[in-house]
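Tertiary structure, described
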Amino acid sequence: MSARRDVQDGASARREGPAATRANRDVRVVIVNYRTAKLAIDCLASLADEVAQRPGTRVVVVDNASGDGSAEAIAQAIGERGWSAWAGVLPSAVNGGFAYGNNLAVRAALAEPEPPAWFWMLNPDTRVDPGALGALVDFAEAHAEVGIVGSALENDDGSAWPYAFRFPTVWSEFEGGARFGPLSRLLRSRSVLRPMGDRPVAVDWMPGASMMVRREVFDAIGLMDEGYFLYYEETDFFLQAHRAGWQSWYVPASRVMHIAGASTGVTGEKVMKKRMPAYWFESRRRYFVKNHGRAYAMLVDAAWLVAHLSWRARRALQRKPDTDPPRLAADFVSHSALLHGGLPGNAALTAAGAPARGR
């Protein structure tokens, strides 16, 4: 019997349990907001028709302690626009990051007498195209081995952003650091970024801007790891699902517009060049140390650093513009597994005296 058949049989067995045979096909949409009330309201507006076409869909906007009136503004918009039957705000006392915010809503939903069958995590800086919700659910329901599905993303100008990702490895880190055409072509099958076509395809992981998770995945692997503040938490979650036998699929029939960087201010073409935040480096180290051990994390860091320094030298010789964030190499080293042996945690939760839960 093939390994793929084993995965399918195992996933089918999980769905045939008592909790999975219910006629519950409800969807819980989770949006984590931090000081982006207008974007979150626009996202809710784009969901109104989707909810109307799929009874049983509810939307929870988790406000991650914005402190700028976001929670109140979103709640007011929900009331004034007649969305109260399907949308609500869940305030958080702490800004614990992406995983923490999503887990607040997911944990509460899983504790309900009839938990929803699907959880759709959306960024507040997204707008869903008509049929995006149904396309994800329909595909996943037709494939019992699929635990996570993700949308095709569009830029805010309507152009396609047709990519998913491979899990990062020492090879992908070396290729990404070097930024050298011949090397990239040689290692194109190892690169993290993976171009997508117009057909559904199994992938390693996808952006957390629009990802739908089968409830049984949470039953199998737990919630997202709150030890991450921001970045790499979805990569880690996809990896745990993969290791538990679940497949993840890119579903281009579901289309979602994403204003990259609008909710984080870190990535995106329109974001001003500034130093990468410490939590990005800490999340990266946590991912590699947690999932592959410190020795591998050190190898990965050394590979990226050597490749990056070669790129810096080549850039200077060729007099190319410097597009790197300020102090990138120095900040990278200061947070690297080459210098730190422990598993980094979520500094925001530590400062607030809140425990990091999840895996």
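Running from amino to carboxyl end, helix 6 (residues 170–178) crosses helix 11 (residues 294–318) at an angle of 20°, the nearest separation of the two axes being 7 Å. Relative to helix 11, the element helix 6 is oriented roughly parallel. The handedness of the crossing between helix 6 and helix 11 comes out as right-handed. Of the residues in helix 11, those in contact with V170, E173, F174, G177 and A178 of helix 6 are Y296, L299, V300, A303, W304, A307, H308, W311 and R314. Considered class by class, the residues forming the contact of helix 6 with helix 11 number ten nonpolar, two polar and two charged.

It is worth spelling out the confidence of the model for the protein at this point. Mean pLDDT over the protein works out to 91, with 90% of the residues at or above the 70 mark. Counted against residues more than four places away or in other chains, residues 1–22, with its pLDDT under 50, gives 30 contacts.

The next thing to look at is the pattern of salt bridges. Counted according to the given criterion, the structure contains 20 salt bridges. Between R179 and D324 there is a salt bridge, and its shortest N-O distance comes to 2.8 Å. Pair noted here: R179 is in the loop between helix 6 and helix 7 (181–186) and D324 is in the loop between helix 11 and helix 12 (328–334), with a separation of 145 residues, a long-range link. By relative accessible area, D324 is classed as buried at 7%. For D236, the salt bridge is made with K290, and the minimal N-O distance between the two is 3.1 Å. Placement of the pair is D236 in helix 9 (residues 233–243) and K290 in helix 10 (residues 278–292), with a sequence separation of 54 residues. Judged by relative accessible area, D236 falls into the buried class, the value being 0%.

What counts, and at which threshold
Residues numbered from 1 in each chain as written. Predicted model: local features only at pLDDT ≥ 70, side-chain atom pairs only at ≥ 80, totals over all residues. Heavy atoms only, no water. Axes fitted to C-alpha atoms, helices over the stretch in contact; angles between N-to-C directions. Helix = DSSP H or I, 4+ residues; strand = E, 2+ residues; numbered from the N terminus. Parallel < 35°, antiparallel > 145°, perpendicular 65-115°, else oblique. Left-handed = near helix turned anticlockwise from the far one by under 90°. Contact = heavy atoms within 4.5 Å. Nonpolar A, V, L, I, M, F, W, Y, C, P; charged D, E, K, R; others polar. pLDDT = per-residue confidence, 0-100. Salt bridge = Lys/Arg side-chain N within 4 Å of Asp/Glu carboxyl O. Buried < 20%, exposed > 50% of the residue type's maximum accessible area, 1.4 Å probe, protein only.

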